[in-house]
Amino acid sequence: MPYARETAGKGGHADFVRNPDVQTFLSNCSYLREPSDEEGRALASRFQPAPRSTPPRLPRFVVASDASKSDTPISDKLPSTQVGFLKVSHVLVNIDTYADLLDPSNHFVDPFKVADMHRSASPITFTMPGSNIRYKGIFSVKHGFRRALFDQMSTNRGDAQAPMHLTKTLRALIGTTTPTISACPSCGHDDARIEFNASDVVQCANCGAEVFVTDWLRLHEGISDYGDNSSAMTRMMNAVEHLMLGAYILQVFDVHPGALSDIAFVLDGPLAVFGEPAKLSLRLQALIHKVNTRLAELGLSPMLVIGLQKTGGLMNHALLLERFLGDGMLRIVDDDYRNTYVTGSDNPAANFGNETYYGQDFLFKTERGRMFNFALPYPFADKSHNGGGRAFALAKTEIERYGDQVQRACDVIRHFEMDLYDNAIVPVALAHRHASISLVPGGQVLNLLVRGGLGKR
Ligand SMILES: [Zn+2]
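Residues numbered from 1 in each chain as written. Predicted model: local features only at pLDDT ≥ 70, side-chain atom pairs only at ≥ 80, totals over all residues. Heavy atoms only, no water.

1. Some thoughts on the confidence of the model for the protein chain
Across the protein chain, pLDDT averages 84, with 84% of residues at or above 70. Across residues 1-10, confidence stays below pLDDT 50; counting only partners more than four residues off in sequence or on other chains, it has two contacts. Counted against residues more than four places away or in other chains, residues 449-457, with its pLDDT under 50, gives 23 contacts. (pLDDT = per-residue confidence, 0-100. Contact = heavy atoms within 4.5 Å.)

2. Overview of the coordination of the zinc ion
Within the protein, the zinc ion binds to Cys-184 (SG), Cys-187 (SG), Cys-204 (SG) and Cys-207 (SG); these donor distances fall in the range 2.3 Å. Of the residues examined, Cys-184 reaches a relative accessible area of 3% and is grouped as buried. (Donors = N, O, S within 2.8 Å, 3.2 Å for Na, K, Ca; no water. Buried < 20%, exposed > 50% of the residue type's maximum accessible area, 1.4 Å probe, protein only.)

3. Let's talk about the side chain of Asp-215
Relative to the assigned elements, Asp-215 resides in the loop between β10 (210-212) and α8 (230-255). Once residues lying within four places of it in the same chain are set aside, the contact partners of Asp-215 are Arg-146, Ile-181, Pro-185 and His-220. (Helix = DSSP H or I, 4+ residues; strand = E, 2+ residues; numbered from the N terminus.)

4. What about the nonpolar core?
One finds Ile-249, Leu-260, Phe-265 and Leu-280 to be the most contacted residues of the largest nonpolar core, which totals 55 residues. When residues in this core are grouped by element, the largest group, 15 residues, is from α8. Setting aside residues up to four positions removed in sequence, Leu-260 forms contacts with Ile-249, Val-252, Phe-253, Phe-265, Val-291, Leu-295 and Met-303. Of all hydrophobic cores here, the second largest spans 34 residues; its members include Val-62, Val-91, Phe-374 and Ile-399. (Core = buried A, V, L, I, M, F, W, Y, C linked by side-chain atoms within 4.5 Å.)

5. Points about the sheet that holds strand β14 (residues 359-365)
The mixed open sheet is built from nine strands, whose spatial order is β1-β13-β14-β15-β12-β11-β2-β3-β6. Sheet topology places β1 (48-49) and β6 (124-129) at the edges, where each strand pairs with a single neighbour. As defined by bridge partners, strand β2 (residues 61-70) adjoins strand β11 (residues 263-268) across five bridges and the pair is classed as parallel. The residue of β11 that forms the bridge with Val-63 is Phe-265. Each of β2, β3 (83-94), β12 (304-309), β13 (329-332), β14 and β15 (371-377) is contacted by helix α13 (residues 405-416), which is oriented at about 140° to β15, the strand it contacts most. (Pairing = 2+ DSSP bridges. Axes fitted to C-alpha atoms, helices over the stretch in contact; angles between N-to-C directions.)

6. Comments concerning the environment of Leu-304
Looking at the element boundaries, Leu-304 is found in strand β12. Taking the C-alpha atoms as reference, Leu-304 lies 9.7 Å from Val-412; in sequence the two are 108 residues apart. When residues no more than four places from it in sequence are discounted, the contact partners of Leu-304 are Ile-263, Ala-264, Phe-265, Leu-376, Gln-405, Arg-408, Ala-409 and Val-412.

7. Section: helix α3 (residues 37-44)
Among the residues of α3, those classed as buried are Gly-40, Leu-43 and Ala-44. In an axial view of α3, the angular spread of the buried residues amounts to 95°, which keeps them on one side of the axis. Exposed positions of α3 whose direction lies more than 90 degrees from the buried face are Glu-38 and Arg-41. (Arc of directions from axis to C-beta.)

8. Side note on the packing of α8 against helix α9 (residues 280-297)
Two numbers describe how α8 lies on α9: the axes approach to 11 Å, and their chain directions differ by 25°. Between α8 and α9, the interaxial angle falls into the category roughly parallel. Once α8 is placed against α9, the crossing between them reads as left-handed. Of the residues in α9, those in contact with Ala-239, His-242, Leu-243, Gly-246, Ile-249, Leu-250 and Phe-253 of α8 are Leu-280, Leu-284, Leu-287, Ile-288, Lys-290, Val-291 and Arg-294. Each residue belonging to the contact of α8 with α9 can be placed in one class, and the counts come to ten nonpolar, two polar and two charged. (Parallel < 35°, antiparallel > 145°, perpendicular 65-115°, else oblique. Left-handed = near helix turned anticlockwise from the far one by under 90°. Nonpolar A, V, L, I, M, F, W, Y, C, P; charged D, E, K, R; others polar.)

What follows is the structure in structure tokens.
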């Protein structure tokens, strides 16, 4: 909504909305609005009691991630010259240790004890060329961005014991031995597909330019030489956070697959990858399904992957509905519900998020009265169920398909909900506050998981 930013002066926004032209325009639009009391009660009656048991079913470890970015000009005198700085932070919480961190009188986490836990570490960062920056002398910002992405994804982000190269993660997620790109990102030549066999860098047969396996993500397509590149940086931040989820899952899966049934991964945001790299979402869906199929063969519970959304249209809707809902209620958000009450779409897609989402949204009001919007991975290898489209949209909202994951996700939220912040849970808040507490760099999380006794299975 670009207009929202153009309301600089005090009262400007209100004047703008009161403008008769705008009012006429809005009368022709449908959009999220506050439900009437009658509607609110009707909507609330479609929620069900959230599953729970005593004692709660908790994982042994929670790995929470949060990403942040800055794409500010490099100096006040050069406002058109921009560098993108991305940071993905992970925090590992051992459920047993967490119990010791809680102040039993007020359910607050003792920040000093948390800081003691992992004092020595730092998050994973990426520094990317933005507007008017030519990396390594490459002729345009876009192609320098491609090079920088490859350089930084192919370096080891873990350590000697637990290396983590995101290029390897990407190849594993793509899932074929020969990833291909249909056209050269440099000259556009598309007579022959560009294939990556052993090497992650190949030369275009037409122009001779280097093409990188990381070009598969198409992140560079949003980069311009002189324009604002902040939306491309947001896409990259989103893609990297989900790639790193894939990296952790793959690393633990290769060493001790059974250990994954004791871990909950919690991401800040929906289980979705947007924009140019969206096809990554299908790969993550397939990977998670593969892991959970293997865990079922081992007679173990599925791995928990939870997306927690603090903002957005669905959360706004949930907050409008909150006063009509009793505590401890849950609803799976089917497409019809979303299209009718959240997005106001008259001509919706056959399946919401078909290109971007790999997880299903739920609304949950806890027994303590806080509203959460969480997501669980679709329990399918892909979206082709019964021909896909509408058939998939119906199948993905059959709550029985999620088995015990709904209850376990609710239990994790109940266990970690905070008095301090609404709609946040402790591990995510910890990942968020990376400035004040130290965090574990990516690869070390794996080491800690392995050293934490997960190798015992
Ligand atoms: Zn070329």
